[in-house]
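Chains, contacts and geometry: an overview
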Amino acid sequence: VGHYCCKVHNCTIPLANNRHHFCPMHMDRQHFCVFTDCDLPARAGHRTCSIPEHSEYEDYRNSKSKAFFLLRQRLQRAGVQQPRSSLLLDGISEDDSLDDDSGDLAHKSDKGNRLSKVMFARRTTHNEQLVVCTCGVIVARATMYGAESISGVKDFVKSVYPNRLDLPDVIFYDNNCHLQSHLQAQDDDFFRGTMLPVDVFHFKSKHKESDEFCQKHCNPAQWTELAGEDGEWVFNSSAAEQSNVWIGGYQAILRDMLAHNFDFFLDELIKRRNKILVAKLRQEGKAPYHIPLYADV
């Protein structure tokens, strides 16, 4: 889930129009080559510069939508041999499927293969990051623009709980092993009083047994507080994944909104969902409550 944003990496300035590729601050970048590692101006009437690999890639991309190209592909699938034209890019054949929005190309040169990224279409934000209580109530939301970096997740949690005494006793995160490595490397003790296990689902399916650090520091089974005497887990560590599925149902509505409309609409959805969940918890005999913030502690 995300909205269209400026194609400059990590730029948070909203677009003036959701058809634009750049924000008002970076609008001059629309006249440059769409290869992200290229700073040359684009050719007149084209979106790539005069570098042969870049211009040939654009020509190849445009040719894929033409009737002759499609008919020749059908002829090849029927087993009829036809003379093949020279390849437009080293390592890319006419049968390869290329993404219209963005792609990675390995250019061969004397220095070896060099990975280049190209973005013809609009860029969207990377993801929406949520802080979710194990009861399902969504506490906070943040937009990750360029990537879901470990440092970004750390700063997000710190902004939600600026005082370490307000931190939950347990924080489940599917990448807690890398988060703990980052905290140790940065000598950051902000989370020293909090358990940082990987949630049960991801630990079983996404984390290797050979990863000694992860097994030693993030295995939820090492904390006896997380499981009852009957062997059942005390907390629903998949609450965040379940919330992600719920938000994903609104992707078709949200993706074409401008940033301000996106934030307002999604925040209103979350508040209404939280209200319904709290009412349901009270009906079940639970005791949901607000944790007060003590700024002076």
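To start, this report covers the structure provided alongside it. (Residues numbered from 1 in each chain as written. Predicted model: local features only at pLDDT ≥ 70, side-chain atom pairs only at ≥ 80, totals over all residues. Heavy atoms only, no water.)

**Remarks on helix α1 (residues 52–63)**
With twelve residues, α1 should reach 16 Å at 1.5 Å per residue; the first-to-last C-alpha distance of 16 Å fits that figure. Those residues of α1 that sit buried are H54, S55, Y57, E58, Y60 and S63. (Helix = DSSP H or I, 4+ residues; strand = E, 2+ residues; numbered from the N terminus. Expected span 1.5 Å × (residues − 1). Buried < 20%, exposed > 50% of the residue type's maximum accessible area, 1.4 Å probe, protein only.)

**Describing the side chain of N176**
Assignment of secondary structure puts N176 in helix α4 (residues 176–185). Residues contacting N176, with those up to four places away along its chain left out, are I171, L196, P197, V198 and C218. (Contact = heavy atoms within 4.5 Å.)

**Here we look at the packing of aromatic side chains**
Tallied over the entire structure, the rule returns four aromatic pairs. Geometrically, the ring pair formed by Y57 and F120 is stacked, given 6.0 Å between the ring centres and 25 degrees between the ring planes. You can see Y57 sitting in helix α1 and its partner F120 sitting in the loop between β3 (112–119) and β4 (123–124), a full 63 residues away along the chain. Judged by relative accessible area, Y57 falls into the buried class, the value being 1%. Since its relative accessible area comes to 2%, F120 is described here as buried. For the pair W246 and Y250, a centre-to-centre distance of 5.5 Å together with 70 degrees between the ring planes defines the contact as edge-to-face. For W246, a relative accessible area of 22% corresponds to the partly exposed category. Among the aromatic side chains, those forming a connected cluster through ring pairs are F35, Y57 and F120. (Phe/Tyr/Trp six-rings, centres within 6.5 Å; stacked < 30°, edge-to-face > 60°.)

**Re the pattern of salt bridges**
For the structure shown, the criterion picks out twelve salt bridges. When the shortest N-O distance is used, the salt bridge between E58 and R43 registers 3.1 Å. Linking E58 in helix α1 with R43 in the loop between β1 (4–5) and α1, this pair joins segments that are 15 residues apart in sequence. One salt bridge in this structure joins R141 and D263, with 3.3 Å as the shortest N-O distance. One end of the pair, R141, is in strand β6 (residues 138–144); the other, D263, is in helix α9 (residues 259–283), and 122 residues separate them in sequence. (Salt bridge = Lys/Arg side-chain N within 4 Å of Asp/Glu carboxyl O.)

**Concerning the pairing of strand β5 (residues 127–132)**
In terms of burial, β5 is a largely internal element, six of the six residues being buried. Where burial is concerned, the two faces of β5 agree: the one with N127, Q129 and V131 and the one with E128, L130 and V132 are both buried. Sheet topology note: the β5/β6 ladder contains six bridges and is antiparallel. In the strand pairing of β6, N127 is matched with M144. Hairpin connection from β5 to β6: five residues lie between these consecutive antiparallel strands, with G136 at a positive phi of about 110 degrees. (Pairing = 2+ DSSP bridges.)

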